[in-house]
Amino acid sequence: MRTTQIHSLDNPDQFKSRLLIWSQQFDDVVWLDSNNYEQSHSNYEAVLAVDAFTSIQTNFDGSFDMLKEYQTNVKDWVFGYLTYDLKNDVEDLSSNNFDSLQFPDLYFFQPKKIFLFKGDQVEIKYLNCVDDEFEDDLKDIQSESAGHAESFDSTQSKLSGKISNDIKIKLRIHKDEYFEKVNKMLAHIHRGDIYEANFCQEFYAENTSINPLEAYLKLNSISKPPFATFLKFGDKYLLSASPERYLKKEGNTVVSQPIKGTAKRSENILEDEALKLALSKDTKERSENIMIVDLVRNDLSKTAIKGSVIVEELTKVYTFDQVHQMISTVVSTIEENTHPVDIIKSTFPMGSMTGAPKISAMRIIEDLEETKRGLYSGSVGYFSPTGDFDFNVVIRSILYNETKEYVSYSVGGAITAKSDPLKEYEECLVKAKAMRTVLES
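About the thresholds
Residues numbered from 1 in each chain as written. Predicted model: local features only at pLDDT ≥ 70, side-chain atom pairs only at ≥ 80, totals over all residues. Heavy atoms only, no water. Buried < 20%, exposed > 50% of the residue type's maximum accessible area, 1.4 Å probe, protein only. Helix = DSSP H or I, 4+ residues; strand = E, 2+ residues; numbered from the N terminus. Pairing = 2+ DSSP bridges. Polar contact = N/O pair within 3.5 Å; in protein donor to acceptor, adjacent residues only side chain to side chain. Contact = heavy atoms within 4.5 Å.

(A) Region of interest: the pairing of strand β2 (residues 28–33). Where burial is concerned, most of β2 is hidden: six out of the six residues are buried. With six bridges joining them, β2 and strand β9 (residues 227–233) adopt antiparallel strand pairing. Within the sheet, the bridge partner assigned to Val30 lies in β9 and is Leu231. Of the strand pairs in this sheet, β2 and strand β3 (residues 46–58) are connected by five bridges, and their pairing is antiparallel. The residue bridging Leu32 from the neighbouring strand is Val47, located in β3.

As structure tokens, then:
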């Protein structure tokens, strides 16, 4: 059981800034931030969960069954992540590529302390075993950064340690090899093995130490996306500026919002509008998006009431600080007794990070990519006590293993019959810009 307090905030941004610093004392942290981006199907503007009371982590077959049992028995808020490689628990697939990050395939925890932000209020939910810590925690949170001007720069000054100035970013796949691999992907498409596949490449740095919270704050300030995430699990970190929702359940409604289609931004207003308009009319980008929408409709139909899957929004272009993105919204209705984990399992991994047909695309992806994806193109989110959930897509993200001193970010794009390898490569560099800027600045 939980004790709940609701507090009005004179300065919500200031409180969030202090709260994030305060959270760093815990080994288990999930911070989800919408950056006040106007979006449909949104419940909270930001959420923080810290300090595991119970937890589950897996690295073997049966992960979804274990998660289902855990979520059912706990009957409380649980936060965590699903790696892309849980595909092997859904289909007869494997992940044998190189992995220097070493994240468990799945991790969820029942937090002792939760903060839910909406408007100028924060709803604080503590397990009864720690509800005597409310007052002291609030004093500690308010004292963080006290005396400083509450801004991004002052928050950074409170943090101990700095991002290394001599980070050397390396490519796991060099440019010529990238072209060769994309051409192999195109050969599969022309042969009819697949219609589309998301092909990704890793950028990395070894023997590197960073301040994870500082890196996250920089990344978030550059991008201000609606599904930003700071995740800490012991010595492993995710710093994400994701613009994409994977899946949400609210009551009997399930929502998926795949992204396919990207255009760069311009500082010139007229040129920027022209780039946005061009994206909305680009036949290749639209076909990419529509193919994935068809895949998502098929995935949602596995748990939906017959005839309830609808496309609420098709290929609408949204603008973010770094890029324009083409997003569609697909909605379904489920029966009352449908288990939330079954909905996720039947749609995982998300269509936007795989391809069509899905299983064939995942086999070809595994063959051509050099790195195990792990948490990249997986998902972070939470289940509520009533079985509702909300999960993002882990893209535009920095992953960090502190013990191994290994920093990584990956980017990818959809390859279709109309793909030009050079343009695909350039799109990857556009997507990678924010992460590279954070690490090399």
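The rest of the description comes next.
(B) How the structure looks around the side chain of Ser328. Topologically, Ser328 is positioned in strand β15 (residues 323–333). Among the polar contacts listed, one links the side chain of Ser328 to the side chain of Asn289, at a separation of 2.6 Å. A distance of 2.8 Å separates a polar side-chain atom of Ser328 from the backbone nitrogen of Thr315. Leaving out residues up to four positions away in the same chain, Ser328 has contacts with Ser256, Gln257, Pro258, Asn289, Val293, Glu313, Leu314 and Thr315.

(C) Inspection of the side chain of Gln325 at higher detail. Among the secondary structure elements, Gln325 is positioned in strand β15. Its relative accessible area of 0% is what places Gln325 among the buried residues. Polar contacts involving the side chain of Gln325 include one to the main-chain carbonyl oxygen of Gly261, which spans 3.0 Å. At a separation of 2.7 Å, a polar atom in the side chain of Gln325 contacts the side chain of Arg396. With residues near it in sequence (within four places) discarded, Gln325 still touches Pro243, Ile259, Gly261, Thr262, Leu279, Lys316, Val317, Tyr318, Phe320 and Arg396.

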